[in-house]
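Topology and contacts: notes
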Amino acid sequence: MSDQFQSRSERRKQQEQARKTDRKSTKKTGNKKKKPTLKTILKIAVLVAVIGFVFGAGLFTYYAATAPDLDEESLKDPLASELYVEGSDEPLLTLGPENREYVEYEHIPQIMEDAILATEDVRFYKHHGMDLWRLGGAVLANFRDGFGAQGASTISQQVVKNSFLQNEKTLKRKAQEAWLAFQLERKYEKEEIFEMYFNKVLMTDNIYGFGTAAEQFYGKEPEELKLHEAALLAGMPQSPNRYNPYRHPERAEKRRNIVLGLMVQHGKISQEQADAAKEVPVTEGLIPPEEQKHHGSNKYAAFVDMVREELEEHDLSIADGLKIYTTLDPSAQETVESTITHEKIPGEASSSAVVIDTKTGGVKAVAGRPDYKPRDKNLALVTSRSVGSTIKPILDYGPAIEYLDWSTGQTVDDTRRTYKGSDQVIRNANGRYLGKMTMRKALYLSQNVPAISTFEEVGAEKAADFAKKVGIDVESPNPSSALGGGVGASPLQMASAYAAFGNGGMYTEPYTITKVVLRDGKTERDLNPKPVSAMKDSTAYMITDVLRDVVKNPQGTAYSNVKSHGLDVAGKTGTTNYDTKTFEERFSGQKMAVPDSWFVGYTPEYSIAVWTGHEDYYTPLTEWEERWFPQRAFSEILGDLAQRGEHTSFKKPKSVVEATIEIGTDPLRLASDWTPSDRKSTELFVRGTVPERVSKKYEPKEEEKETLPAPTGLSADYDEAQNLVRLSWNHEGGEDVEFAVTYNVDGGSAKNLTTTTEKAAAATGVEPGKTYTFSVVAKSGDATSAPATVSIQIGGAPEEEQPEEPEENEQEPDENEQEPGENEQEPDEEEQGDGGNAENPGNQNPGQGQGDGSGNQGNPNNGQGGQGGQDGSGNQGGGQQQNPGGQGGQTNPGNGNGNDDQNGDGDGEDQNP
C-alpha cells in the first residue's frame, strides 16, 4: 500500500509539473506578436483603396444623379438676386443684369482671351472639364491648409457653378460641378463655353460680362482694349467689388499686375510688355463716373453697394440667385439721402452719413456722398480722414473710467502747457485755459489740454486697446492722437463705436445682411455678427451721461446746432486741423481753414455719424456754416427718426451711483454744508469709489465763526404706518435762524435732507433694518452752531443724542485751486430742477439740479418736488403734495464762458488758432 501511495503521489506531482510547464510555454508563445509582413500591408492598403474607391464612386454617382439638368438659357443668362428688408416677405429690390453687352466669340480679341486664360484656366483647351494637374496641386494645398484653401475650378466648372449650383465649398457641390462640367464639354464646343463665361461672369455691381465692363469702364469695344486694360478686367471676377478701380485703385492695380505676371509665366506676353503695362497708372483711360452708362437702379445705391461687398466677404454674390435679408430701413435711407445733397451742404463741400441700430449694430441707412450713384466712391467707408475730437471719449476719457475708475467729477487741470519733450504749446480751440474743472466739463467743452493729460495718465497701450475693442484701430498712439491727430476712421466705424456707449458697453461689428437664402430656396445662412463686451456698463453709461451735456448744456459744443426732438441724445463734435507746416504754407491768411468737421451722436435706438469736408484734403472748410453742417444734418435725420417707433432713455446701471462733490478738489472731496452752490456738482461714480471725506475748504475758521447755541432735545420717532421718521428739536437762538438737516445711512456719506426755519422735519421712504443718523445745525447769517445728532434703527429705538465737532485734521484742498471766472455763464433759470433720488429720503425743498440731466425716481416728502427742466421731462419728485420733480443733473455747468463760437473743439496738431 505504501509503495502504491508513493507512486500515485509521485505521478500526481509529475502531472502537475507538466501542466505548469505547458502553461508557461503557452504564455510565452502568446506574448510574442507577429510582425505583419509587407505582403499583408499591401493587401490591407489595396483593400482600403478598393473600399474607398467603391465608396467614393458610389457617392459621386449619387451626387451626379441628383445634379440639375443643363439648360442653355440658364447657361447664358446671369441669375438675379432679391433684396428684402427686415420683417418683410416681399422683395424690395431685384439685383440682376441690365443692358448687357453680349459679345460673340468671334469678336473676343486674343489679348483678352489670353489674359483670362492665364488667370483662370491656362489648360482650358487641353482638358475635358476637369484639370487633373491643377486639381492635384489644389488637393495638396487643401490637405496642408484645410478644405477649401485652394480651388481648381476650370472655366467650364465656373460656368456650371454660376448657372446651377450653390456657391458653397462642399463635396456635393464639387462632385456635381465636375459632372456637369464634363457634360457641358460633351454638349458644347470649347469656343461656345468660353463665350458663355465671357458674357456671364459678374464684373462689379450690376455689370455682367467683359464686354459690358469694357464699355462701362473704358467706353470701348473689347477689341479696342490695351494690354493694361485687358489685364485689369481679367483680374476682376475673383473679387468684383474689391478690385473695382474707381473705389479701390490700389487693390485693382495690384491685381492687374498679378495678371500681367501670369501672362508672362504662361508665355502669352513678354516681360518687356508686362513691365510697360505695369507702368501705366491703373486709373488711366477710365471714363469719368458721370459719363458712365447707367446699369441697374439708383435706388438705395450706397446701401446696395455695401450689401454687394459684404456678400463677397462671405464668398457669395448677387449672381448666385439669392434672397438677401438686410438691415435696411427704407424710410431712414430716404431721409439720409435727402439730407446729404449738394443743395443742403453749404459751399462746395461734400459729406457722408451713417445710421446704425444702437442695440444690434445693423446699418439702417447710409449716404455715401451727395447724390450717390452706383459705383461711386462711398465716403462713409473712407478711413483715411482724421476724426478730430470725436476720438476723446474713445481714446481718453472712456479708458480713464474703465481702467482708472475715474468719476465724471474727476478733477483735471486746464492750464497752459506744452507737449512732453517739446516746446510746442497745446492750445485749446477757444484760446483760453480755464484751470481746474471736472472731467465732465472738460469733455463737453472739448478742452484739449485735459484730454492730452488724461491720455497720458491712462497710457498709450491701454488707450489703444480700449479703442480697438470698439472697432477703431490706432497704431502707436501719441499725445497728439488724444485729439484725433493721425487717427483715421470712417463714419461707419465711428457710428458703431459710439453705439457701444449707448448699448451698455456691447460692441457689434456693423453689418447690412442678417441672412441669405440660397438658390434652392431652403438653405439659409445666418450672417449676423456676434456682439462682444467692449467695456464695463459703468463706463458706457458715464461717458453717455457726459456726452448728453455736449447737446443739452448751454456751454456744450453742440448746444446751438443739435436739437434732441424730445429724445435722450448724447454726442460729440469734432474738427480737425492742418499741421503747422501745411497751415503756414497754404492757409496762413485763413484762420478758419480746417479739413474736416464731424458730429457723432446717439440715442438708445440709433447711432448716427456725419462727416463734412472736401475729397481733396487740401481744399479746406472756411465758413462756420460748413463746419456746423454735420450737427444740423444729424438733427434733421434724428427729427425724422423721432417720429417713428418707440423711444426710450439710457438706463443707469446698478454699477453707477451719484454723489455731490466740490468742484476742483484733488483728491476729490464731497461737498460740505459750506460749499457754495456754484462749486457743487452732482457726478457719477463707479459703485464703491465714492470719496468718503468732505471738503473743508469753505468751512469758516474758528475765529470767524459767530457762535449759536446748538439745537437741543433732538428726537427721532419712526412712524411705521407711514414709513417715515419724524424729527423735532428745541433752540434758543431767537429769530432769523434756520436749520440745516443732514443724514447718513449705516455710517455712509452725509446727504442733505432739508433746510427749514421750523423745529421739525420728516424723512420719508426709509428702509427697514437700516440705521439712520440725523444731524441738525443752526445757522443765522455767518454764524453756525455745533451739530446735534441722533441715530435711529428703523424698527428700533433712537440712540442717545451725540454732539459732533468738525474734524480739525481734515486735509485742505490745493491752495492754488482756481475760483470761478468772472465771466462764467450761468445756466438758464428754466434749466434748474431737481428730482429726488430713489435711494434717499425725499427733500422738502425744491432742488437745484440742471434740468437736462437725467432724474431719478424721488421719494415722497413733506415739500414740493423740483422745478422741471426746459428740455427734460419731469420725473416723480417728492411729497405728500405729490408735485412732479424736474430732472436731476449737474448742479452747475462749471467755470468759464464755454465756446465763443459754440463749436470750439480743436484737435489734430491743434495749430489752427
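This section reports on the structure supplied with the text. All figures in this text were calculated on a predicted structure; none of them were measured in a lab. (Residues numbered from 1 in each chain as written. Predicted model: local features only at pLDDT ≥ 70, side-chain atom pairs only at ≥ 80, totals over all residues. Heavy atoms only, no water.)

Quick notes on helix 15 (residues 392–404)
Given a rise of 1.5 Å per residue, 13 residues ought to cover 18 Å, yet the end C-alpha atoms of helix 15 are separated by just 16 Å, more than 12% below that figure. Of all the bends in helix 15, the largest measures some 40° and sits at G398, one to four residues before the proline P399. Burial analysis of helix 15 places 11 of its 13 residues in the buried class, which makes it a mostly covered element. Buried residues along helix 15 sit against helix 16 (439–444), helix 17 (448–458), helix 18 (460–469), helix 19 (491–502), helix 20 (537–552) and strand 14 (570–575). Where helix 15 ends, the next residue or the one after it, D405, has phi of about 55°, a positive value. (Helix = DSSP H or I, 4+ residues; strand = E, 2+ residues; numbered from the N terminus. Expected span 1.5 Å × (residues − 1). Bend = angle between axes of the 7 residues up to and from the residue. Buried < 20%, exposed > 50% of the residue type's maximum accessible area, 1.4 Å probe, protein only. Contact = heavy atoms within 4.5 Å.)

Details of the pairing of strand 20 (residues 712–719)
Relative to strand 21 (residues 724–730), strand 20 runs antiparallel, the two sharing six bridges. Paired with A716 across the strands is L727, a residue of strand 21. Taking the residues that link successive antiparallel strands as the turn, the strand 20-strand 21 hairpin has four residues, and the phi of N723 there is positive, at about 50°. (Pairing = 2+ DSSP bridges.)

With respect to the pattern of salt bridges
Across all of its chains, the model carries 23 salt bridges by this definition. We note a salt bridge from R417 to E456, for which the minimum N-O separation is 3.1 Å. Remark: E456 occurs in helix 17 and R417 occurs in the loop between strand 8 (411–414) and strand 9 (435–438); sequence separation between them is 39 residues. Among the residues examined, R417 registers a relative accessible area of 18% and is labelled buried. Residue E456 is classed as partly exposed on the basis of its relative accessible area of 22%. With a closest N to O distance of 2.5 Å, R632 and E625 form a salt bridge. For R632, a relative accessible area of 33% translates into the label partly exposed. Classification of E625 by relative accessible area gives partly exposed; the value is 38%. Residues joined by salt bridges that share partners form a network here, namely R440, D545, R548, D549, D568 and E683. (Salt bridge = Lys/Arg side-chain N within 4 Å of Asp/Glu carboxyl O.)

A word on the sheet that holds strand 12 (residues 524–526)
Read across the sheet, five strands follow the order 2-1-5-11-12 without closing on themselves; strand pairing throughout is mixed. Every other strand in the sheet has two partners, leaving strand 2 (93–95) and strand 12 as the edge strands with one partner each. Each neighbouring strand pair of the sheet contributes to a mean axis angle of 20°, computed without reference to strand direction. Summarising the sheet, strand 5 (residues 323–326) and strand 11 (residues 513–517) pair through four bridges and their orientation is antiparallel. Residue pairing across strands places K323 opposite V517, the latter belonging to strand 11. (Axes fitted to C-alpha atoms, helices over the stretch in contact; angles between N-to-C directions.)

Re a negative patch on the surface
Negative charge collects at one region of the surface, where E104, E106, E189, E191 and E192 lie side by side. Mapped onto the secondary structure, E192 falls in helix 8 (residues 190–200). (Patch = residues over 30% accessible without salt bridge, like charges linked within 9 Å, V, L, I, M, F, W, Y side chains within 5 Å. Areas by Shrake-Rupley, 256 points an atom, 1.4 Å probe, with all protein chains shown as cover. Lys, Arg positive; Asp, Glu negative; His and termini not counted. Charge placed at Lys NZ, Arg CZ, Asp CG, Glu CD.)

Things to note about the sheet that holds strand 20
The strand order across the open sheet formed by three strands is 20-21-24, and the pairing between neighbours is antiparallel. Pairing within the sheet leaves two strands with one partner each, and these edge strands are strand 20 and strand 24 (760–764). Within the sheet, the average angular offset between the axes of one strand and its neighbour, ignoring direction, is 15°. Here strand 21 runs beside strand 24; their pairing, made up of five bridges, is antiparallel. Note that in strand 24 the partner of S728 across the bridge is A760.

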